[in-house]
Amino acid sequence: MIAGPRRLNRKYSILSSAICLSLVVVVYYMYCVGELPKFFPGNFYEGSLRQSKPLTETKDDDVTLTSPKPPAATAGLPVDYSPLTFSESQQKCELFFTPAYLEHIATHQLPYCESESLSAFQCFTAPRLTIPMTGGWGQTDPLCIAQGVSFRPEQQTGSEQEFGIQCKLRDLAAERANSSDVASGLEGFRDRPTDWGWYWGDTGVGASLKTWKFENGGDIDGCTREKSDSKEWVMLMRRDSTDTHNIWHKLMEILQARHSLDALRIAINPATGTSWLSEEDAAHVQLVFDDDREELLEPLWEIVTGEKPIRKSSWERAACFGNVILPLPGCGSPFWSNLLDTGYPEACPSQTLLTTYVHRIFDFYGVVQRPITDIHKHPTITIVERKENRKFVALDRWVKSLKERYPQSPINVVDFASITIQEQIKLAQSTDILVGHHGAAMTHIIFMSPGATAVEILPRHFDQHGFRSTAAMRGVNYIAGRCMHKEEYEKAVHGTPFPENWTPPTPQEFNHWQNEEWTYLTDDEFLSLVDAAVRSQMNKLGSSNS
């Protein structure tokens, strides 16, 4: 007698289940197309990877980005779209020239002090783009943070070691020997902080630490992490002392200092689970030069921390610093290494760290980037004039010929050292064709508008990239020329026979090109290079404008 009600209940149960299942299907469909009913509290598909409201960011070109609706499910793309299929060249570009470089630094860190130490010394490693010229520097470059650092001016102590840190160093050599797994984890790190080598111009962590003293003592009344101001951050900058007015050297130093801060912004402090350098802390980092020199681009250092740098010599009293940053060396920059490489030039035309850096420089100097649609029917030609060495042997004659060939093209002959950096950048932005001998002045390629053309005259024997790869990363066309030996020029132009028994010097014998007074090219060779550059610019014009 109870079988009937049971059957009825079962029917209602099945009907209820069908209705619930239908609702689930409808809601899921609306979720996939991003059209959830308004009675849902927000878009619940916006989880940890999506923000609860549209993401708005203002970029250099003032483009507003908003979070797109989630796409419907799709089948997988062919395997050759996977990053795993990137060529070695593409992987190299990704590691050294994109934000992956900063992420690598942030995720490769090591404490050098024993846990019971009253101070701390934490180092990070940046991947090194190794080239023959810098092979002895190793595979990585160091960036370090010291916490609980005492300072006493040299005039008070009479000692060069002005900085002290209560850090009992770990015996990393023993740790490596005891475990292959540990040794693998320590790869890229030196056994002691003072083992880091010195870089060009007496720079880098190793050079900085020659004024430091690591002590095993446990003076709890002295300078410790706990007794210092943990909110105080100092970046102690040891600048290249060899060429203080070389724009490439200085730009790379500033770039690596800023990269040091950016990496610390995303690196996680294992002791706190938060970033090593918070947004608030980053706004109060004091950049300190350990020299009293006045160098090129002094004001531009403000883009590192947002504040004007000070000199260590201005510290007249003893102090206990909470956090001291020893930044990456400028000559360790992958962009510098790529400039000096002798292998096949890597072309990394995608967005790179260099592009971000250039935009920051434009912002600092108030330079408005030239629109890519601003195409000059008559290209502006700028020729770098050198005053002391590597001077073009017939520059006046060449300029006269160019004015005859291209009477409507503005032609500038400029010694960049004679104008301000802001004027240099603006000139580079307005230039369609930049011509110069290899040297620091060709750094201005990075400030040129994408689509412009650079003509770089290289030494007779020169197996380095020059600015070819740098130009590619900025979307600038590149043409290379080769100068001649004086004897070759005299024979080609004046018919002067070669000196008796003369043979061209070997590359090893001709390594003094930087000090050569003149750069020799025939008129035809120089003019043909500029002609090629002009044609590259004319190709940007539509047929109605040509």
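For the protein chain, an unreviewed UniProt entry supplies the name EGF domain-specific O-linked N-acetylglucosamine transferase and the organism Glarea lozoyensis.

The next point concerns the nonpolar core. In this structure, Leu-251, Phe-335, Ile-361, Ile-445 and Phe-447 are the most contacted members of the largest nonpolar core, which totals 80 residues. Per-element tally for this core: the top contributor is helix α8 (residues 247-266), with 10 residues. For Leu-251, the contacting residues outside a window of four places in its chain are Leu-297, Leu-300, Tyr-357, Ile-361, Thr-443, Ile-446 and Phe-447. Counting residues in hydrophobic clusters, the runner-up holds 28 residues, among them Leu-110, Cys-123, Phe-163 and Cys-167.

On to the state of the cysteines, then. One pass over the full model with this rule turns up three disulfides. Each sulfur of the disulfide joining Cys-123 and Cys-144 lies 2.0 Å from the other. In this structure the cystine formed by Cys-123 and Cys-144 twists about its S-S bond by roughly 100°; its chirality is therefore right-handed. Here Cys-144 lies in strand β3 (residues 140-151) and Cys-123 lies in strand β2 (residues 120-127), a separation of 21 residues in the sequence. Under the relative-accessibility criterion, Cys-144 is labelled buried at 0%. Covalent S-S linkage joins Cys-223 and Cys-320, the inter-sulfur distance amounting to 2.0 Å. Across the S-S bond linking Cys-223 and Cys-320, the dihedral sits near 80°, which makes this disulfide right-handed. With a gap of 97 residues between them, Cys-223 in the loop between β5 (212-215) and β6 (229-237) and Cys-320 in strand β9 (residues 319-326) connect regions that are remote in the sequence. The class of Cys-223 is buried, set by a relative accessible area of 11%. Given a relative accessible area of 24%, Cys-320 falls into the partly exposed group.

Closest axis-to-axis distance for the helix α13 (residues 395-405)/helix α17 (residues 523-538) pair is 11 Å, and the angle between their directions is 45°. Looking at the two axes, α13 sits oblique to α17. Of the two possible hands of crossing, α13 and α17 adopt the one that is right-handed. Touching Arg-397, Trp-398, Ser-401, Leu-402 and Arg-405 of α13 are Asp-523, Phe-526, Leu-527, Val-530 and Asp-531, all from α17. Its residues assigned to classes, the contact of α13 with α17 shows five nonpolar, one polar and four charged.

Moving on, we get to the sheet that holds strand β10 (residues 381-384). One open sheet accounts for five strands, arranged β12-β10-β13-β14-β15; its pairing is parallel. A strand with exactly one partner marks an edge of an open sheet, and here the two such strands are β12 (411-414) and β15 (477-482). Pairs of neighbouring strands in the sheet enclose a mean axial angle of 15°, with direction left out of account. Where strand β14 (residues 453-458) lies against β15, six bridges are found, and the strand directions are parallel. Residue Glu-456 lies in a different strand from β15, and its bridge partner there is Ala-480.

What follows is about α17. Over its 16 residues, α17 extends 22 Å from the first C-alpha to the last, a length consistent with the 22 Å expected when each residue adds 1.5 Å. Where α17 is concerned, the buried positions are Phe-526, Leu-527, Leu-529, Val-530, Asp-531, Ala-533, Val-534, Ser-536 and Gln-537. Residues of α17 that are buried in the fold lie against β10, β11 (391-392), α13, β13 (433-437), β14 and β15.

Burial along strand β4 (residues 163-166) is two-sided: Phe-163 and Ile-165 and Gly-164 and Gln-166, pointing in opposite directions, are all buried. One ladder, built from three bridges, connects β3 with β4; its direction is antiparallel. By the bridge assignment for β4, Phe-151 is matched with Phe-163. Note that β4 and β5 share four bridges and pair parallel. Directly across from Gln-166, in β5, lies its bridge partner Glu-215.

This part is about the packing of aromatic side chains. Counting across every chain of the model gives 23 aromatic pairs. Between Phe-151 and Trp-315 the ring centres are 5.0 Å apart and the planes differ by 70°, which places this aromatic pair in the edge-to-face class. Of this pair, Phe-151 sits in strand β3 while Trp-315 sits in the loop between β8 (310-311) and β9, and the two are 164 residues apart along the sequence. With respect to class, Phe-151 is no different from Trp-315; both count as buried. Pairing Phe-392 with Phe-526 gives two aromatic rings, centres 5.7 Å apart and planes at 65°, and the pair type is edge-to-face.

Summarising the element assignment, Glu-456 is placed in strand β14. Buried and without a salt bridge, Glu-456 has Arg-468 as its closest oppositely charged side chain, separated by 7.3 Å. In terms of polar contacts, Glu-456 uses its side chain to reach the backbone amide nitrogen of Phe-467, at 3.0 Å. One polar contact links Glu-456 to Tyr-478, side chain to side chain, over a distance of 2.5 Å.

Approximately 1300 Å³ is the volume attributed to the largest pocket. If you trace the largest pocket, you find 43 residues lining it, with Asp-243, Asn-246, Arg-390, Gly-439 and Ala-440 closest to the centre. Breaking the lining of the largest pocket down by element, the ones donating at least two residues are α8, α11 (334-340) and α14 (421-430). Of the residues contributing to the lining of the largest pocket, the split by class is 20 nonpolar, 14 polar and nine charged. Each of domain 1 (97-335) and domain 2 (342-541) contributes no fewer than three residues to the lining of the largest pocket. As a volume, the second largest pocket reaches approximately 520 Å³. Listing elements by their share of the lining of the second largest pocket, those giving two or more residues are β2, β6 and β9.

Basis of the calculations
- Position numbers for residues start from 1 in each chain and track the written sequence from start to end.
- It should be noted that, the model being predicted, local features are given only for residues of pLDDT at least 70 and side-chain atom pairs only at 80 or more, the latter also being counted only at that level, while totals for whole chains, interfaces and linings use all residues.
- Computation of side-chain values: all heavy atoms of the structure, hydrogens and water removed.
- Buried Ala, Val, Leu, Ile, Met, Phe, Trp, Tyr and Cys residues form a nonpolar core when they are joined through side-chain atoms within 4.5 Å.
- Partly exposed describes any residue whose relative accessible area lies between the buried limit of under 20% and the exposed limit of over 50%, with all areas from a 1.4 Å probe on protein chains only and scaled to the type maximum.
- Numbering of helices and strands runs from the N terminus; a helix is a DSSP stretch of H or I covering at least four residues, while a strand is a stretch of E covering at least two.
- By definition in these notes, contact holds between two residues if any of their heavy atoms fall within 4.5 Å.
- Cysteine sulfur atoms are paired as a disulfide whenever they come within 2.5 Å of each other.
- Between the N-to-C directions of two axes lies an angle of 0 to 180 degrees, each axis being a line fitted to C-alpha atoms and, for a helix, fitted only over the stretch in contact.
- Note on terminology: angles under 35 degrees are roughly parallel, angles over 145 are roughly antiparallel, angles of 65 to 115 are roughly perpendicular, and the others are oblique.
- By definition, turning the near helix anticlockwise from the far helix through less than a right angle yields a left-handed crossing, and turning it clockwise yields a right-handed one.
- Note that Gly is not counted as nonpolar here; it falls among the polar residues with everything else outside the nonpolar set of Ala, Val, Leu, Ile, Met, Phe, Trp, Tyr, Cys and Pro and the charged set of Asp, Glu, Lys and Arg.
- Here, a strand pair is defined by DSSP locating no fewer than two bridges between the strands.
- Helices are assigned an expected span. That span is 1.5 Å times one less than the residue count.
- Here a Phe, Tyr or Trp ring, Trp counted by its six-membered ring, pairs with any other such ring whose centre lies within 6.5 Å, and the pair is stacked when the planes are under 30 degrees apart, edge-to-face when over 60, and tilted otherwise.
- In this tally, Asp and Glu contribute negative charge and Lys and Arg positive charge; neither His nor the terminal groups of the chain are included.
- For this analysis, a salt bridge means a side-chain nitrogen from Lys or Arg found within 4 Å of a carboxyl oxygen belonging to Asp or Glu.
- Here a polar contact means two N or O atoms within 3.5 Å. Within protein one must be a hydrogen donor candidate and the other an acceptor candidate, and residues neighboring in sequence count only if both atoms are side-chain atoms.
- Only protein atoms enter the 1 Å grid, on which a cavity is a set of points fitting a 1.4 Å probe that cannot get out and a pocket is an open set with protein on both sides within 12 Å along at least 5 of 7 lines, lining residues being those with an atom within 4 Å of a point.
- Grid points are joined across faces, edges and corners, and a volume is the space filled by probe spheres set on the points.
- Domain start and end points were adopted from an automatic or database domain assignment.

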